[in-house]
Structures are given as structure tokens and as C-alpha cells.
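# Examination of the molecular architecture
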Amino acid sequence: MSVATSPDSTSNAKSFDTNSDTAADGTPSSNWLVIGGGVMGLQVARDLIDRGQKVTIAEAAPTFGGLTSAWNLGDVVWDRFYHVTLLSDTKLRDLLTDLGLESQMDWVETKTGFYSGGQLISMSNTAEFLKFPPLNLIQKLRLGGTIFYASKIKNWRRLEKLSVEKWLRRWSGKGVFEKIWQPLLQAKLGEAYKQTSAAFIWAHTARMYKARRSGMKTEMFGYVPGGYATILDRWVGWLKDRGARTLTSSPARQVRKLESGEFEVDFGDGRIEKFDNVVSTIASPVIADTVPQLSEEEKKRHRGIRYLGVVCASMLMKKPISEYYVTNITDTWVPLTAVIEMSTIVNPDKQLGGNHLVYLPKYLPDDHEGLNESDEDYKEKCLSTLEKMYDHFSRDQVLDFKIARAKYVAALATIDYSTRLPDIVTSVPGFYALNSAHIVKGNLNVNETITLGEEKFTEEVWPDYRRRVVN
């Protein structure tokens, strides 16, 4: 099959005869399209190449990476959204080992703060937890007991049937819920927390407990020098070296299966190409809109998934704001989800030109009008808020300020969420829908995405493909 040349594909475009090759296990080698060049798409492409398949990866944006992509902030190149690696992130660390990057990682012990009652309070160890002013002793014990109990739960499906509010009120009590949990849930989820299941808190708690076990009861976070720009450059280069064809600025506007069994994919601007199999890793509502041959039930399920979006400011500063990597916020007047001081982890002198990097995110449901707030308005909101929160903050410390947005970040873990997920193996033979919405036993992060991609590809996509072409 001949593949047409497209932007960013001239150096490694190939002509494939899909009947002439077989994979190492004897499975015929076909021409695959992976839609989406984020972490899930790159992981699926990696698995396909490892199985001797011919792969094209199409990304709608000008660069690969999705939520992990990087940009310039002043003279610094760093991630558009904040990311760190935990010691317990074994799948991500395995990938970094394969790419020759794991040995370069820097690991740092971090601190956690709370902004509560107009004060910045440290909550980085047990002693500080016991002194935490907003709660009395009984409330602290109930909060600690809730977190510990959540970390020991194995049957997450049972939690998926309960609302997070009902579960937290039961185990932490009214006072703890209203002083701590409710404002944190509202800061992260808005009013959508009322439809969110208890599995949401379980997933967050399980990951952080696992990280503490790996880090000897301390929070150890790591990063690769150069951030995800370094990782993505090495990862995409690895795929290209093994024959992958990479397309940027190439949104798959429509995917249609032909009577010949091939898929015709319209990339817009008159570019139409054909492939034997397609794996789409983009957001579920977009999948429903781009694949008209899916059944009405499948489209309904894809469109029924609610997502969190985010508006996230990156602020390059002359001085740090605080000593805390994350400052959780329980004062409801603050219009931010948290304050993330990235330079408590990333070495300012080696990585940031001697400056400091702060992220100011606000998570909102995907249909919230706040996702469309102008850059100027969001910037003013952030700066005026910081002036109220931190006496030492002044605008003349800010060297650069940029805002990134994403409408589809993480699927909301609503009540009985896993029972309403669309299938990965679809009603259109050869078309697979595998994205981060299929994360049901964890929260969205790079390690979880890689883990899910590897597991679901091995358990569902590859067996279905072998069944179709071998039997």
C-alpha cells in the first residue's frame, strides 16, 4: 500500500506492501494509524513497533506530547503543564531506562503546604499534621484514619458505587469534610464533585501512599533534566529510528472503513490516506464525532464521558513564592486549584536560568465557560490573588507569564463510571478506541497512562487483531 507524503513525514515515509511481511510471532504485519501523539499514542506506537507492525502517528498539534508537550517561557524550555515522576512510577521509569534517561533523573524530597484561613501552613510530616490549626485532635485523627483506610482498600469497584461526599462524610465526619475535603474537591472538580465517586479519592490516596512507601515515608519527586521536551525528543526519535512515520499538524477529521476493508482517513486540506487498522487515543467525544460508522450506542457512551478541563498559567519569576511544591487551598475565595512551585523540584540554576517556575492551575468541567476566559483576565486574576495570598509577592518579580488550556484533561470518575465506558474493540473491525478515559483504577498521570496503554493493547487490541488476521 502506498502512503502519501505529508508535512513532517518526508524523511521517513515508506511504501508498504502489507501482504509481504510478518511479525516475529508470525502475525502478518499491517499498516496502522495511531491517532494522537500524546503519551497514550506514543505508547501504542511503541507496542505496535515491538510487534513488527508498520506505524504512522498523526498528531493534530504542531508538536508531539499532548498534555506533556513543552514550550518557551522566557529563555527557558519547560513543560506547558506540571508533571513529576514518583519513585513508584515503575512503568514510566522502565520507559526512561529504555530511552537511556532514567540514570539522569534528579530526585528531590518535597514539602506540602496548605493555604487555610488566610495563612500558609506546612503539612509535610506527621508532627506538622498533628499541629494543623484548622482541625481539632479528634478531627485530625478522623482525617488521618480516612486516608490510611483508603490506602488499604482493594475493592475499588465498591467505592465506585458511592459518592465521594457521602463516603468522606461517613469516615471523616462533618467538620473535616466541610473544612478540608469539600473546599479541596470544589477547587479540583467544581460542583461536579457532587457526581464524583469515592474511587476518585481512593485513586489519589493509593498513588501517594505507594510513593511514600517507595520513598521511605517521604515524598520523593523526580524529573529528567530538560523536562518532557527531552523525553519526547528521545521517544519520538526512538520510534522514527524503528520505522515509524510521524505526522504533526494532522488532525484526523474523519475515519471511514471502505468495502475493501481499508480505512480512509481525511486529514483535511485534501489529504486523504488509507490504512489497514486504526487506533484512536484522542478524547472520547472527538472519537464519536470523527468515526460515523460507530454504532449509536458507542457514540452515546463516548459522548457521555465528562471531562475536566484546565486553564494553567506558567509564571517565570526572579524569586520563589514558597518552599512548598504544592500549596493546597481550602479558602474558597481563591480562584485557583493550587499553587505549584516547580522550582522546589527542578534545579533553578541548572534548568531555569537561575529563575523560578510556578504553575497556577484551575480545573473546570469541560463545558464550563471559565475555560474560555481571556488570557488577560486570567492573568490579572492570578496576579491579584497572589498579591493577597503572599505579602512578599510583587508583579515586578514576574519575568514571563503564559497560559495553556486543555478542554479534555481527565475523565470524571462519576458514580458507576466503569460500567458505562465504551469498548476498546469497537463494532467497526480494525478500529480501536483506547484513551485515558479507560483509566478506572487510578488517576490521570503519565505512569498510569503508559500502564493502561500497555495492558489494554496486550489484553484487547492485539488479541483482536490476531483473531482477525490469523484465523
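Residues numbered from 1 in each chain as written. Predicted model: local features only at pLDDT ≥ 70, side-chain atom pairs only at ≥ 80, totals over all residues. Heavy atoms only, no water.

## Structural notes on the domain arrangement of the protein chain
Taken domain by domain, the protein chain consists of domain 1 (31-67 + 227-304 + 419-470), domain 2 (125-214) and domain 3 (307-411). On a C-alpha basis, the centres of domain 1 and domain 3 stand 31 Å from each other. Contacts between the two partners involve 9 residues from domain 1 and, on the opposite side, 6 residues from domain 3. Of the roughly 560 Å² buried at the junction of domain 1 and domain 3 (both faces included), carbon and sulfur atoms supply 72%. Connecting domain 1 to domain 3 are 1 residue pair in polar contact (both at pLDDT 80 or more). (Domains from an automatic or database assignment. Contact = heavy atoms within 4.5 Å. Buried area = accessible area lost by both parts, 1.4 Å probe. Polar contact = N/O pair within 3.5 Å; in protein donor to acceptor, adjacent residues only side chain to side chain.)

## Some thoughts on the pairing of strand S16 (residues 326-329)
Bridge count between strand S7 (residues 112-116) and S16: 4 bridges; the pairing is parallel. Bridge pairing links Gly113 to Thr327 in S16. Note: S16 against strand S17 (residues 338-341), 3 bridges, orientation antiparallel. Bridged to Val326 within S17 is Ile340. (Pairing = 2+ DSSP bridges. Helix = DSSP H or I, 4+ residues; strand = E, 2+ residues; numbered from the N terminus.)

## Here's the deal with the sheet that holds strand S10 (residues 245-247)
Across the sheet, which stays open at both edges, the 5 strands sit in the order S10-S2-S1-S14-S20 with parallel pairing between neighbours. Whereas interior strands pair on both sides, the edge strands pair on one side only; in this sheet they are S10 and strand S20 (431-433). Here the strands of the sheet are splayed against their neighbours by 15° on average, with no regard to which way each runs. Direction of pairing for strand S1 (residues 31-35) relative to strand S14 (residues 277-280): parallel, over a ladder of 4 bridges. (Axes fitted to C-alpha atoms, helices over the stretch in contact; angles between N-to-C directions.)

## Some details on the confidence of the model for the protein chain
Per-residue confidence for the protein chain averages 91 on the pLDDT scale, and 92% of its residues sit at or above 70. Considering only residues more than four positions removed or in separate chains, one finds that residues 1-20, a stretch of pLDDT under 50, has 50 contacts. (pLDDT = per-residue confidence, 0-100.)

## A short note on the nonpolar core
Grouped together as the largest cluster of nonpolar side chains are 58 residues, with contacts concentrated most on Trp78, Tyr82, Leu168, Leu185, Tyr325, Met342 and Tyr359. The element best represented in this core is helix H6 (residues 164-189), accounting for 9 residues. For this core, the domains that each give at least three residues are domain 2 (125-214) and domain 3 (307-411). With residues up to four places along the chain from it excluded, the contact list for Trp78 reads Ala70, Trp71, Tyr223, Val224, Gly226, Gly227, Met342, Val346, Gln351, Leu357 and Tyr359. Counting 39 residues, the second-largest nonpolar core is a separate cluster that includes Val44, Leu95, Leu101 and Val461. (Core = buried A, V, L, I, M, F, W, Y, C linked by side-chain atoms within 4.5 Å. Buried < 20%, exposed > 50% of the residue type's maximum accessible area, 1.4 Å probe, protein only.)

## A short note on the layout of surface pockets
Of the pockets and cavities examined, the second largest pocket occupies roughly 900 Å³. Along its surface, the second largest pocket is lined by 37 residues, and Trp202, Lys441, Gly442, Glu448 and Thr451 are the ones closest to its centre. Sorting the residues of the lining of the second largest pocket by element identifies helix H2 (90-98), helix H4 (137-152), helix H5 (156-160), helix H7 (199-214) and helix H13 (446-470) as the ones contributing at least two each. Taken together, the residues of the lining of the second largest pocket break down into 12 nonpolar, 10 polar and 15 charged. (1 Å grid on protein atoms, 1.4 Å probe; cavity = no way out; pocket = protein on both sides within 12 Å on 5 of 7 lines; lining within 4 Å. Points joined across faces, edges and corners; volume = space filled by probe spheres on them. Nonpolar A, V, L, I, M, F, W, Y, C, P; charged D, E, K, R; others polar.)

## Re the packing of aromatic side chains
In this structure the tally under the stated criterion is 13 aromatic pairs. Between Tyr307 and Tyr408 the ring centres are 5.1 Å apart and the planes differ by 70°, which places this aromatic pair in the edge-to-face class. Here Tyr307, found in strand S15 (residues 307-317), pairs with Tyr408, found in strand S19 (residues 398-411); they are 101 residues apart in sequence, far enough to count as distant. A centroid spacing of 5.2 Å and a plane angle of 45° characterise the contact between Trp462 and Tyr465, whose relative ring orientation is tilted. A residue pair is termed a helical-turn pair when its members lie 3 or 4 positions apart in one helix, as Trp462 and Tyr465 do in helix H13 at 3 residues. The same class applies to Trp462 and to Tyr465, which are both buried. Through a chain of ring-to-ring contacts, three or more aromatic side chains come together here, namely Trp32, Tyr432, Phe457, Trp462 and Tyr465. When the ring centre of Trp462 is taken as origin, the NZ or CZ atom of Arg51, which lies over that ring, is 5.5 Å away. Across from the ring centre of Tyr363, 3.7 Å away, lies the NZ or CZ of Lys188, which sits over that ring. (Phe/Tyr/Trp six-rings, centres within 6.5 Å; stacked < 30°, edge-to-face > 60°. Lys NZ or Arg CZ within 6 Å of the ring centre and 35° of its normal.)

## Here's the deal with the pattern of salt bridges
Using the criterion set out here, one finds 19 salt bridges in the structure. Its salt-bridge partner being Glu191, residue Lys194 comes within 3.0 Å of it at the nearest N-O pair. Given the relative accessible area of 44%, Glu191 is considered partly exposed. Across the pair Arg301 and Glu297 runs a salt bridge whose closest N-O atoms are separated by 2.9 Å. Linking Arg301 with Glu297, this pair stays in helix H10 (residues 296-303), spanning 4 residues, or about one helical turn. In this structure Arg301 comes out as partly exposed when scored by relative accessible area, which is 29%. One continuous salt-bridge network, built from bridges that share partners, spans Glu165, Arg169 and Glu178. (Salt bridge = Lys/Arg side-chain N within 4 Å of Asp/Glu carboxyl O.)

## Here's the deal with helix H8 (residues 228-241)
For H8, which comprises 14 residues, the first-to-last C-alpha distance of 19 Å matches the rise-based estimate of 20 Å (1.5 Å per residue) to within 8%. Buried residues of H8: Tyr228, Ile231, Leu232, Trp235, Val236, Trp238 and Leu239, and no others. Down the axis of H8, the smallest arc covering the buried residues is 150°, so these residues share one side. What points out from H8, more than 90 degrees from its buried face, is the exposed set Asp233 and Asp241. Buried-residue contacts for H8 involve helix H1 (39-50), strand S2 (54-58), strand S4 (76-79), H2, S10 and H13. Positioned one or two residues after H8, Gly243 has a phi angle of 100°, which is positive. (Expected span 1.5 Å × (residues − 1). Arc of directions from axis to C-beta.)

## A few points about empty space enclosed by the protein
Picture a little ball the size of a water molecule; that probe, rolled over the atoms, points out where space is still empty. Using the criterion set out here, one finds 1 cavity of 30 Å³ or more in the structure. Each pocket or cavity is described by its volume, and for the largest cavity that value is around 60 Å³. Residue lining of the largest cavity: Trp78, Asp79, His83, Val84, Thr85, Gly222, Tyr223, Val224, Gly227, Tyr228 and Ile231, and that is the complete set. Secondary-structure elements contributing two or more residues to the lining of the largest cavity are S4, strand S9 (220-223) and H8. Partitioned by chemical class, the residues of the lining of the largest cavity number 6 nonpolar, 4 polar and 1 charged.

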